[in-house]
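Now for the letters of each chain:
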Amino acid sequence: MLKNIPTPIRILLALLVPALLVPVFPEIAYPVFVMKVLCYALFALAFNLLIGFTGLVSFGHAAFFGWAGYTTGYLMIKLADHGFPVELAILAGVLVATAIGWLIGTLAIRRTGIYFSMITLALSQIAYFLAVQLKWTGGEDGMQGIPRGKLLGVVDLSEDNHMYYFTLAVFVAGFLAIHRIVHSPFGQSIKALRDNAPRAVSLGYDTDRCKLYAFMLSAAFTGLAGAMKALVLQLSALNDVMLTTSTETLLMTLLGGLGTSWGPVVGATLVVSLQNYLAELGGVVTIITGLTFVVCVSFFRRGLVGEWEAWLQRKRQAAPVAQPPHNHSASANGQNPASPFTATSTPT
């Protein structure tokens, strides 16, 4: 039965066992750190949906990530004491990110290549400027001490263990949703646009609509990651809407492998781990991250997971094909065992 389950899902099921045990062994993997990794992994998966499967390079995803966090944080700060559901705060963050995605996407999808990227960059800088100027975002101080609230009005998310399992559930749901989108008819259409846009147009695809839907879906999942990050760290900072956040996510996706299911997760784990465990080195972390990226681009052009998948593919192709057993007795009689017909002698 497991053979019918796609490989990425089987990997997810295998990793769920140690993931569920993280709160039991906090000395091995600190739950808050793992939650941060899960949030950025979901962010990278959402970004990969656009760049890896649609072929569009955006430098504006920090706007979705940061403004979803601001929306969720603001609602929880103002209304959590009045019993406002945390689920609605997260949903509001996702809706705001999707709306921003629709606005930016509508203006940008009619361009391709570097022009598309530059439009997303310019519009994301407007989002950054608004985050600095508006008072309710906290400006350069950001939002601190964001309450986590209670899940379904019962489960207290202020407990790290409760928040961990909730974050893990959101990540798994997001991973499965993105996997389903990629392997749906819509996913096939956006991959057709990525591979050969003129041919997709000739086949009748509405390219602009497909790109806009892909952009909005990517923005929605990015908003979900931003809302969860704001709750996990109880902080929504100006750094979340900066260009560096978009470029770091691009780095995560490239390190892991574009167009792969687990590449963004591996890349996010690597980058966040470097930032966390080498934080004492200060600015040297950026240099180490950059060197890691250079090594990856030089020797792992497809990314870590992409190279692994390519190696497995070459190994399968090089494996010898099993031949059917040779029937010596049939050959001795002048018969071909691979043929349904046998040679028979006719009397003369």
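Here goes a summary of the coordinates provided.

Reading the values: rules and limits
- Residues numbered from 1 in each chain as written.
- Predicted model: local features only at pLDDT ≥ 70, side-chain atom pairs only at ≥ 80, totals over all residues.
- Heavy atoms only, no water.
- Axes fitted to C-alpha atoms, helices over the stretch in contact; angles between N-to-C directions.
- Helix = DSSP H or I, 4+ residues; strand = E, 2+ residues; numbered from the N terminus.
- Parallel < 35°, antiparallel > 145°, perpendicular 65-115°, else oblique.
- Contact = heavy atoms within 4.5 Å.
- Nonpolar A, V, L, I, M, F, W, Y, C, P; charged D, E, K, R; others polar.
- Core = buried A, V, L, I, M, F, W, Y, C linked by side-chain atoms within 4.5 Å.
- Buried < 20%, exposed > 50% of the residue type's maximum accessible area, 1.4 Å probe, protein only.
- 1 Å grid on protein atoms, 1.4 Å probe; cavity = no way out; pocket = protein on both sides within 12 Å on 5 of 7 lines; lining within 4 Å.
- Points joined across faces, edges and corners; volume = space filled by probe spheres on them.
- Left-handed = near helix turned anticlockwise from the far one by under 90°.
- Salt bridge = Lys/Arg side-chain N within 4 Å of Asp/Glu carboxyl O.
- Phe/Tyr/Trp six-rings, centres within 6.5 Å; stacked < 30°, edge-to-face > 60°.
- Expected span 1.5 Å × (residues − 1).
- Patch = residues over 30% accessible without salt bridge, like charges linked within 9 Å, V, L, I, M, F, W, Y side chains within 5 Å.
- Areas by Shrake-Rupley, 256 points an atom, 1.4 Å probe, with all protein chains shown as cover.
- Polar contact = N/O pair within 3.5 Å; in protein donor to acceptor, adjacent residues only side chain to side chain.

### As for the packing of helix H1 (residues 7-20) against helix H6 (residues 160-182)
Okay, so step 1: Put simply, H1 and H6 touch, their axes get as near as 12 Å, and they point 175 degrees apart. If you check the angle between H1 and H6, you find them roughly antiparallel. Where H1 approaches H6, its residues Pro8, Ile9, Leu12, Leu16, Ala19 and Leu20 are matched on the opposing element by Tyr164, Tyr165, Leu168, Val172, Phe175, Leu176 and His179.
Okay, so step 2: A class-by-class count of the residues in the contact of H1 with H6 yields 12 nonpolar, 1 polar and no charged.

### Description of the nonpolar core
Okay, so step 1: If you look at the biggest cluster of nonpolar residues, it comprises 88 residues, and the most contacted ones within it are Phe64, Ile90, Met163, Phe166, Phe171 and Met228.
Okay, so step 2: Sorting elements by how many residues they give to this core places helix H2 (residues 31-51) first, with 16 residues.
Okay, so step 3: Apart from the residues lying within four places of it in its own chain, the contact partners of Phe64 are Ala97, Ile100, Gly101, Ile104, Phe215, Ala219, Thr222 and Gly223.

### As for empty space enclosed by the protein
Okay, so step 1: Considering all chains together, one arrives at 1 cavity of 30 Å³ or more under this definition.
Okay, so step 2: Volume-wise, the largest cavity comes out at about 30 Å³.
Okay, so step 3: Those elements that place two or more of their residues in the lining of the largest cavity are H2 and H6.

### Topic: the packing of helix H11 (residues 263-277) against helix H12 (residues 284-299)
Okay, so step 1: One can describe the packing of H11 onto H12 by two numbers: an axis separation of 9 Å at closest approach and a directional angle of 155 degrees. Judged by the inter-axis angle, H11 sits roughly antiparallel to H12. Our pair here, H11 against H12, has a crossing hand that is right-handed. On the side of H11, the interface is formed by Leu270, Leu274 and Gln275, while H12 contributes Val285, Ile288, Thr289 and Thr292.

### As for the pattern of salt bridges
Working definition: two side chains of opposite charge can pair if their charged atoms are close together.
Okay, so step 1: Inspection of the entire model under this criterion finds 5 salt bridges.
Okay, so step 2: Between Asp160 and Arg148 there is a salt bridge, with the nearest N and O atoms lying 2.9 Å from each other. Pair noted here: Asp160 is in helix H6 and Arg148 is in the loop between strand E1 (143-144) and strand E2 (150-151), with a separation of 12 residues, a long-range link.
Okay, so step 3: On the accessibility criterion, Asp160 (28% relative accessible area) is partly exposed.
Okay, so step 4: For Arg148, a relative accessible area of 5% corresponds to the buried category.
Okay, so step 5: With a shortest N-O distance of 3.7 Å, Asp206 and Arg209 are connected by a salt bridge.

### Focus: the packing of aromatic side chains
The geometry of an aromatic ring pair is captured by the separation of the ring centres together with the interplanar angle, meaning the angle of the planes.
Okay, so step 1: One pass over the full model with this rule turns up 10 aromatic pairs.
Okay, so step 2: An aromatic cluster of three or more residues is present, and its members are Trp67, Tyr70, Tyr74 and Trp136.

### A word on H11
Okay, so step 1: With 15 residues, H11 should reach 21 Å at 1.5 Å per residue; the first-to-last C-alpha distance of 21 Å fits that figure.
Okay, so step 2: Packing partners of the buried residues in H11 comprise H2, H6, helix H10 (243-256), H12 and helix H13 (304-318).

### Some points on a nonpolar patch on the surface
Okay, so step 1: Taken together, the side chains of Val17, Leu20, Leu21, Val24, Phe25, Ile28 and Tyr165 make up a nonpolar region of the molecular surface, amounting to roughly 660 Å² of accessible area.
Okay, so step 2: Along the chain, Val24 falls in the loop between H1 and H2.

### Topic: the side chain of Ser58
Okay, so step 1: Topologically, Ser58 is positioned in the loop between H2 and helix H3 (61-79).
Okay, so step 2: There is a polar contact of 3.1 Å between the side chain of Ser58 and the backbone nitrogen of Gly60.
Okay, so step 3: A polar side-chain atom of Ser58 sits 3.2 Å from a polar atom in the side chain of His61.
Okay, so step 4: Beyond its immediate sequence surroundings of up to four residues, Ser58 is in contact with Phe47, Leu50, Phe116, Thr120 and Phe215.

### A word on the layout of surface pockets
Okay, so step 1: In this structure, the largest pocket spans a volume of roughly 490 Å³.
Okay, so step 2: Surrounding the largest pocket, 21 residues form its lining, Leu15, Ala19, Val22, Val34 and Tyr164 being those nearest its centre.
Okay, so step 3: Elements with a minimum of two residues in the lining of the largest pocket: H1, H2, H6 and H11.
Okay, so step 4: Tallied by class, the residues present in the lining of the largest pocket amount to 20 nonpolar, 1 polar and no charged.
Okay, so step 5: Empty space within the second largest pocket amounts to approximately 410 Å³.
Okay, so step 6: For the second largest pocket, the lining is made up of 21 residues, of which Thr7, Pro8, Ile11, Val305 and Glu309 are closest to its centre.

Nothing here speaks to function; it is all geometry.
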